[in-house]
Amino acid sequence: MPASSPGDREQFRYLCAVAAMLLAGLLLYSQTHAFSWDEGFHLLAAQLILAGKRPYVDFCFPQTPLNAYLTAGWMRLFGETWRAVHALEAVWVAAAAFLTADFVRSRFPAPAWRLAGALAAAVAVGMNSQVVLFGTIGQSYGLSLFLIVAAYRLAVVA
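Here we summarise the structure given alongside this text. (Residues numbered from 1 in each chain as written. Predicted model: local features only at pLDDT ≥ 70, side-chain atom pairs only at ≥ 80, totals over all residues. Heavy atoms only, no water.)

**Some words on the overall build of the protein**
Then step 1. Of regular secondary structure, the protein possesses seven helices and zero strands.
Then step 2. The secondary structure elements of the protein, listed N-terminal to C-terminal, are α-α-α-α-α-α-α.
Then step 3. Taken over the C-alpha atoms alone, the protein extends approximately 55 × 35 × 25 Å along its principal axes.
Then step 4. A total of 158 residues make up the protein; the buried ones form 39% of that total.
Then step 5. Residue pairs in contact within the protein that sit at least 24 positions apart in sequence constitute 70% of those at least 6 positions apart.
Then step 6. Per element, the accessible surface of the protein, about 9,100 Å² overall, is 69% carbon and sulfur. (Helix = DSSP H or I, 4+ residues; strand = E, 2+ residues; numbered from the N terminus. Buried < 20%, exposed > 50% of the residue type's maximum accessible area, 1.4 Å probe, protein only. Contact = heavy atoms within 4.5 Å. Areas by Shrake-Rupley, 256 points an atom, 1.4 Å probe, with all protein chains shown as cover.)

**As for the nonpolar core**
Then step 1. In this structure, Leu 43, Ala 45, Ala 46, Ile 49, Leu 50, Phe 59, Phe 61, Ala 68, Ala 72, Met 75 and Val 85 together form the largest nonpolar core, which totals eleven residues.
Then step 2. When contributions to this core are tallied by element, the ones reaching two or more residues are helix H2 (39-50) and helix H3 (66-78).
Then step 3. The greatest single-element share of this core, amounting to five residues, is contributed by H2.
Then step 4. Other than its neighbours up to four places away in sequence, Phe 61 contacts Phe 41, His 42, Ala 45, Pro 55, Tyr 56 and Ala 68. (Core = buried A, V, L, I, M, F, W, Y, C linked by side-chain atoms within 4.5 Å.)

**Some thoughts on unusual backbone geometry**
Then step 1. Even without a glycine there, the phi angle at Tyr 56 is positive, about 75°.
Then step 2. By the secondary structure assignment, Tyr 56 is in the loop between H2 and H3.

**Digging into the pattern of salt bridges**
Then step 1. Taken as a whole and assessed by the stated rule, the structure comprises three salt bridges.
Then step 2. Note that Arg 54 is salt-bridged to Asp 58, the shortest N-O span being 3.6 Å.
Then step 3. Exposure remark for Arg 54: the relative accessible area of 46% places this residue in the partly exposed category.
Then step 4. Close ionic contact of Arg 153 with Asp 102 constitutes a salt bridge, the shortest N to O distance being 3.4 Å. Here the residue Arg 153 occupies a position in helix H7 (residues 141-157), and Asp 102 occupies one in helix H4 (residues 82-107), the gap between them amounting to 51 residues.
Then step 5. Here Asp 102 falls in the buried class, since its relative accessible area comes to 12%.
Then step 6. Each of Asp 102, Arg 105 and Arg 153 takes part in one network of salt bridges that share partners. (Salt bridge = Lys/Arg side-chain N within 4 Å of Asp/Glu carboxyl O.)

**Thoughts on the environment of Val 18**
Then step 1. Locating Val 18 in the fold gives a position in helix H1 (residues 6-32).
Then step 2. For Val 18, a relative accessible area of 18% gives the class buried.
Then step 3. Note: C-alpha distance between Val 18 and Ala 72 (54 residues apart in sequence) is 30 Å.
Then step 4. Not counting chain neighbours up to four residues away, the residues in contact with Val 18 comprise Leu 119 and Ala 122.

**Re a nonpolar patch on the surface**
Then step 1. Nonpolar side chains collect at one region of the surface, where Leu 66, Leu 70 and Leu 147 lie side by side and expose about 240 Å² of accessible area between them.
Then step 2. Tracing the sequence through the fold places Leu 66 in helix H3. (Patch = residues over 30% accessible without salt bridge, like charges linked within 9 Å, V, L, I, M, F, W, Y side chains within 5 Å.)

**Re the packing of H4 against H7**
Then step 1. Two elements in contact, H4 and H7, have axes separated by 7 Å at closest approach and are oriented at 25°. Classified by the angle their axes make, H4 and H7 are roughly parallel. Our pair here, H4 against H7, has a crossing hand that is left-handed. Across from Glu 89, Trp 92, Val 93, Ala 95, Ala 96, Leu 99, Thr 100, Asp 102, Phe 103 and Arg 107 in H4, the residues of H7 making contact are Tyr 141, Gly 142, Leu 143, Leu 145, Phe 146, Val 149, Ala 150, Tyr 152, Arg 153 and Val 156.
Then step 2. Its residues assigned to classes, the contact of H4 with H7 comprises 14 nonpolar, two polar and four charged. (Axes fitted to C-alpha atoms, helices over the stretch in contact; angles between N-to-C directions. Parallel < 35°, antiparallel > 145°, perpendicular 65-115°, else oblique. Left-handed = near helix turned anticlockwise from the far one by under 90°. Nonpolar A, V, L, I, M, F, W, Y, C, P; charged D, E, K, R; others polar.)

If you want it as structure tokens, here you go:
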């Protein structure tokens, strides 16, 4: 990886600051207004996993279990509450917005507009109404968004 210039490091700091502000807003929303009627099913699956049960064998879970296991691990660390799970999902969304914005910052064709393009990308991803509504609830949308962006970044590198 080539050495970064002082201007690149300053742009990166601005990007980190915007990602932190996005995370703060998403955390606030996730703890106060985020809700979906069927997220309890995912939280129950994580609680059953914490109790030693296995999806598909001990209880019916009609989705892939990665998010349920990650949620169960998070619940083990921070308590079996929906608030902890909503915070985790907000972190996934903010991380996806950051990865998207960093990609734009590193690849935008006009160097003078890289920071503006990156900030626009961060806001477009992190503040999209559907992302805010569904990315901050106790389902796998936030994790899925992060994994999609991370997979794209890895595919571009490869």
